[in-house]
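Spelled out from the first residue to the last, the chains are:
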Amino acid sequence: MLKIVIIITLLYFLFRNRIDIYLIFFLSNVLYGSHIIYGQVWVPPYTRIVQINAEIILSIVFIGMIIFTIIVDNIDRKQQYGALKNNKIPYIPKIWIQITLLVTWTLFIIIILYAIMAGSIGKKTLKSLSYAYFFFQYLSGVSFIFTWTLDRKINKALGTLPIVFLLFTGARAYAVLSFLSVIFIRLYNKKIFSREALKKGIFVVVIPLAAVLSRYWSQLMMIKSSNQLSYLFIIFGSYEWGQTSWNLNAATDASYTSSHSYFSVIFGSLPILHRFIDFGEKSFSHIVNVELNPGGFGYGLAGTLWGESYVLGGFIGVFIHLIILLLIIRSFNKNLIYNNSPIYPIYAIALLFLSFYSPRNDIANLIATLFNLIIFSTFYFLVYQFIPKQRKLIKN
């Protein structure tokens, strides 16, 4: 049944012939559910036959996706282009760009100096900088998106160097989300079968490939050259996509029972409060790694949003969580495309995370993404109130 649903969904999006956030959401779920669709989960050294429950769950996701997209298309058909002008954001006040570049480069210099003293630029080393590194990750992405999507001249080096450095530190998620955000805005509402989409589509393939290779490059170089091709197949065929399929398949096994609850997820995700009160384990990714990892992988297994949704609420829970997620995605999409918000890169990063990375994450991580949006919106508001607005950091 699942394969039939996939074919119908694929044909729907091909005939729809439009590049937008719902196409990205569809492709993401195909990639992260690829082993379930195939019928066998392969995560070396293990293979498992796919559970019928896992197939039903993905069928619910894809059917719900089609229904939601059809409804949204009918509602938004008069707002296809929104605030975009030639697939660029036409205008935002210069002060927002100045704030972003000033703070980003201040943090960039601090982090480089710290890395030199520590003798490493690795993410594990830089994490000791706590919020400084956290803000740098986010703001380097914002700078990059400003630089390449605004319809005005900004020094490309100022906006690009921080995100390139971030990629080398190992913080691939923010770098990939920033690159994808730019590609998404520049290709928004274009036809799938167009020359421009095919040209820029190369970057959509190359960027995730580069991010994955950067993660496993050291291991790849340690393997004999005769075995490197097979290892590359394992990396892309299993490590990135197989893990999520494994998690979904294992979490929906009829023999698996879990004490995971909405109580621990919701209250455990509240800032500060969870530091004083034990609400139980909020992260389903942690539960997966402890309870569903058979051992022998040598790495964590990430999470599974749809598996967690099934554990919490069964098939109905999967459908409800799907609709809630799609409503949030639609709201962020409108703020990004239609409202010409001066902090649109923040919405772009959150939007691409929710639409592309959600299948491999858990509810706690999705809630954290929403909190990040609030934190950085507040940050911009506060800085905007106090920064001297007459100073010009960027020339016209």
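Residues numbered from 1 in each chain as written. Predicted model: local features only at pLDDT ≥ 70, side-chain atom pairs only at ≥ 80, totals over all residues. Heavy atoms only, no water.

For the rest of this paragraph, the subject is a nonpolar patch on the surface. Taken together, the side chains of Tyr 262, Phe 263, Ile 266, Phe 267, Leu 270, Ile 272, Leu 273, Phe 276 and Ile 277 make up a nonpolar region of the molecular surface, amounting to roughly 860 Å² of accessible area. At the level of secondary structure, the elements contributing two or more residues to the nonpolar patch comprise α13 (262–268) and α14 (273–276). Within the element layout of this structure, Leu 273 appears in helix α14. For Leu 273, a relative accessible area of 34% translates into the label partly exposed. (Patch = residues over 30% accessible without salt bridge, like charges linked within 9 Å, V, L, I, M, F, W, Y side chains within 5 Å. Areas by Shrake-Rupley, 256 points an atom, 1.4 Å probe, with all protein chains shown as cover. Salt bridge = Lys/Arg side-chain N within 4 Å of Asp/Glu carboxyl O. Helix = DSSP H or I, 4+ residues; strand = E, 2+ residues; numbered from the N terminus. Buried < 20%, exposed > 50% of the residue type's maximum accessible area, 1.4 Å probe, protein only.)

What follows covers the nonpolar core. Counting residues in each nonpolar core, the largest one holds 113 residues, and the members touching the most others are Phe 184, Trp 306, Leu 336, Tyr 344 and Tyr 380. Ranked by residues supplied to this core, first place goes to helix α17 (residues 344–357) with twelve residues. Aside from chain neighbours lying at most four places away, what touches Trp 306 is Phe 25, Asn 29, Ile 57, Leu 58, Val 61, Leu 248, Val 318, His 321, Leu 322, Leu 325 and Pro 359. (Core = buried A, V, L, I, M, F, W, Y, C linked by side-chain atoms within 4.5 Å. Contact = heavy atoms within 4.5 Å.)

Right, let's talk about the confidence of the model for the protein chain for a bit. Per-residue confidence for the protein chain averages 83 on the pLDDT scale, and 83% of its residues sit at or above 70. Every residue in residues 391–396 is under pLDDT 50, and counting partners more than four places away or in other chains gives eleven contacts. (pLDDT = per-residue confidence, 0-100.)

Relative to strand β2 (residues 46–49), strand β1 (residues 40–43) runs antiparallel, the two being bridged by four bridges. Each bridged residue has a counterpart across the sheet, and for Val 41 the counterpart in β2 is Arg 48. (Pairing = 2+ DSSP bridges.)

The next thing to look at is the pairing of β1. Here β1 shows a buried face lined by Val 41 and Val 43 and an unburied face lined by Gln 40 and Trp 42. Linking two consecutive strands that pair antiparallel, namely β1 and β2, is a turn of two residues.

For the rest of this paragraph, the subject is the environment of Ile 36. Structurally, Ile 36 can be placed in helix α3 (residues 34–38). C-alpha of Ile 36 to C-alpha of Val 50: the two residues are 14 residues apart in sequence and 6.0 Å apart in space. Setting aside its immediate chain neighbours within four residues, Ile 36 contacts Leu 2, Val 41, Val 50, Ala 54, Glu 55, Leu 58, Ser 245, Leu 248 and Asn 249.

Among the residues making up helix α15 (residues 284–292), those that are buried are Phe 284, Ser 285, Ile 287, Val 288 and Leu 292. Buried residues of α15, viewed axially, fall in a sector of 155°; they line one side. Looking at the buried positions of α15, the neighbouring elements they touch are α12 (242–251), α16 (305–337) and α18 (363–386). The N-cap residue of α15 is Ser 283: its side-chain oxygen and the backbone nitrogen of Ser 285 are 3.4 Å apart. (Arc of directions from axis to C-beta. Polar contact = N/O pair within 3.5 Å; in protein donor to acceptor, adjacent residues only side chain to side chain.)

Turning next to the packing of aromatic side chains. In this structure the tally under the stated criterion is 28 aromatic pairs. For the pair Tyr 32 and Phe 356, a centre-to-centre distance of 6.2 Å together with 70° between the ring planes defines the contact as edge-to-face. Within this pair, whereas Tyr 32 is found in helix α2 (residues 21–32), its partner Phe 356 is found in helix α17, the two being separated by 324 residues in sequence. Relative to Phe 135, the ring of Phe 134 has its centre 5.9 Å away and its plane inclined at 85°; by these criteria the two rings are edge-to-face. Neither Phe 134 nor Phe 135 differs from the other in exposure class; each is buried. Through successive ring pairs, a cluster of aromatic residues spans Trp 96, Tyr 131, Phe 134, Phe 135, Tyr 138, Tyr 174, Phe 376, Phe 379 and Tyr 380. (Phe/Tyr/Trp six-rings, centres within 6.5 Å; stacked < 30°, edge-to-face > 60°.)

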